[in-house]
Amino acid sequence: MVILSKIYTRTGDHGSTRLVDNSVAAKSDLRVEAYGLVDQANANIGLAIALDSTIHVLTDEVREALGIVQNELFDVGADLANPLVANPKWEPLRTVQESVDRLERWCDEFGDDLPTLKSFILPGGNPVGAQLHVCRTAIRTAERAAWRAAETYGNEISDDPETTPGGVNELAITYLNRLSDLLFILSRAANKAGEDSSDEVLWVPGGERNPGATKE
């Protein structure tokens, strides 16, 4: 159980914060940036769900999946905020392979009925579909930040955190990668790809947009 009795603490007023293992990190630390961007992406998913309460383009199964994803993104954020160390005092909350596997199953399940793409898609469509594109790009941004953190701190378990900071769990980054794929699929589903009433718009390359143009 998490108990938040007071929201402001003043402990971060001087540019530092504490990671999950209680070690001090600068707020500019790449790990802090990564889990902050995960939080931002989660808020974007929350907005997509809220928008759907008005236009109802998501199935119950997709809404349920997104609810699970929102919870798991808290796990991912906690994972990125917790350096890998040997013999931790408490069992850390880590991203698990089963969660990644479930994302892949959802990609197959929700993507099987979508038409094969013959061009790239322009982000947009109806409000929910457009917002899911925003979610996809937000997750990609978080993934890139997480990889920068992994490049800095590695992915190894530290035997002595006092001398060697613990690394970043790469499975958490894998989760973000798979989630971006799922959100792309869900944006297409929300935009009714392949249906007569589809809101999906395909990219038309420059030469095809201006068929009469001649090259200099």
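Notes on the structure in this doc start here. None of the values given here were measured: they were computed from a predicted structure. (Residues numbered from 1 in each chain as written. Predicted model: local features only at pLDDT ≥ 70, side-chain atom pairs only at ≥ 80, totals over all residues. Heavy atoms only, no water.)

1. Thoughts on the overall build of the protein
Secondary structure assignment for the protein yields six helices and two strands. Counting from the amino terminus, helix and strand elements in the protein follow one another as β-β-α-α-α-α-α-α. When burial is assessed residue by residue, the protein has 37% of its 216 residues classed as buried. Within the protein, contacts between residues at least 6 apart in sequence are counted, and of these 74% link residues at least 24 apart. (Helix = DSSP H or I, 4+ residues; strand = E, 2+ residues; numbered from the N terminus. Buried < 20%, exposed > 50% of the residue type's maximum accessible area, 1.4 Å probe, protein only. Contact = heavy atoms within 4.5 Å.)

2. A word on the packing of helix H2 (residues 60-80) against helix H3 (residues 97-111)
Where H2 meets H3, the closest approach of the two axes is 12 Å, and the angle between their N-to-C directions is 155°. On the basis of the axis angle, H2 is roughly antiparallel to H3. By crossing handedness, the relation of H2 to H3 is classed as left-handed. Here Glu61, Val62, Ala65, Ile68, Val69 and Glu72 of H2 lie close against H3, whose contacting residues are Ser99, Arg102, Leu103, Trp106 and Phe110. (Axes fitted to C-alpha atoms, helices over the stretch in contact; angles between N-to-C directions. Parallel < 35°, antiparallel > 145°, perpendicular 65-115°, else oblique. Left-handed = near helix turned anticlockwise from the far one by under 90°.)

3. Let's talk about the packing of aromatic side chains
A full pass over the atoms with the stated rule returns one aromatic pair. Pairing Phe120 with Trp203 gives two aromatic rings, centres 5.8 Å apart and planes at 50°, and the pair type is tilted. Taken as a pair, Phe120 in the loop between H3 and helix H4 (127-153) and Trp203 in the loop between helix H5 (170-190) and helix H6 (206-209) lie far apart in primary sequence, 83 residues in all. Its relative accessible area of 62% is what places Phe120 among the exposed residues. Of the residues examined, Trp203 reaches a relative accessible area of 37% and is grouped as partly exposed. Seen from the ring of Tyr153, Arg31 lies directly overhead, with NZ or CZ sitting 3.8 Å from the centre. (Phe/Tyr/Trp six-rings, centres within 6.5 Å; stacked < 30°, edge-to-face > 60°. Lys NZ or Arg CZ within 6 Å of the ring centre and 35° of its normal.)

4. With respect to the pattern of salt bridges
Tallied over the entire structure, the rule returns nine salt bridges. Across the pair Asp29 and Arg31 runs a salt bridge, and its minimum N-O distance is 2.9 Å. Look at Arg31 and you get buried, because its relative accessible area is 8%. Between Asp79 and Arg94 there is a salt bridge whose closest N-O contact spans 2.7 Å. Note that Asp79 is positioned in helix H2 and Arg94 in the loop between H2 and H3, a separation of 15 residues in sequence. Accessibility classification places Asp79 together with Arg94 in one group, the buried group. Overlapping salt bridges bring together Arg140, Glu143 and Asp181 as one network. (Salt bridge = Lys/Arg side-chain N within 4 Å of Asp/Glu carboxyl O.)

5. As for the nonpolar core
Grouped together as the largest cluster of nonpolar side chains are 43 residues, with contacts concentrated most on Leu66, Leu73, Leu132 and Leu179. When contributions to this core are tallied by element, the ones reaching two or more residues are helix H1 (30-55), H2, H3, H4 and H5. (Core = buried A, V, L, I, M, F, W, Y, C linked by side-chain atoms within 4.5 Å.)

6. What to know about a negative patch on the surface
A cluster of acidic residues, Asp60, Glu61, Glu64, Asp108, Glu109, Asp112 and Asp113, forms a negative patch at the surface. Within the residue set of the negative patch, elements represented by two or more residues are H2 and H3. For the negative patch, the element with the highest residue contribution is H2, accounting for three residues. The class of Glu61 is partly exposed, set by a relative accessible area of 46%. (Patch = residues over 30% accessible without salt bridge, like charges linked within 9 Å, V, L, I, M, F, W, Y side chains within 5 Å. Areas by Shrake-Rupley, 256 points an atom, 1.4 Å probe, with all protein chains shown as cover. Lys, Arg positive; Asp, Glu negative; His and termini not counted. Charge placed at Lys NZ, Arg CZ, Asp CG, Glu CD.)

7. Comments concerning unusual backbone geometry
With phi around 55°, His56 is a residue other than glycine that occupies positive phi space. Relative to the helices and strands, His56 resides in the loop between H1 and H2. One non-glycine residue with positive phi stands out, namely Lys192, at about 60°. Along the polypeptide, Lys192 turns up in the loop between H5 and H6.

8. Some points on the environment of Gln97
Within the fold, Gln97 resides in helix H3. On a C-alpha basis, the gap between Gln97 and Ala172 in space is 9.3 Å, while along the polypeptide they are 75 residues apart.

9. Examining the side chain of Ser187
By the secondary structure assignment, Ser187 is in helix H5. For Ser187, a relative accessible area of 0% corresponds to the buried category. Reaching out from Ser187, the side chain makes a polar contact with the side chain of His133 at a distance of 3.4 Å. Not counting the four nearest positions on each side in its chain, Ser187 is found in contact with Gly129, Leu132 and His133. (Polar contact = N/O pair within 3.5 Å; in protein donor to acceptor, adjacent residues only side chain to side chain.)

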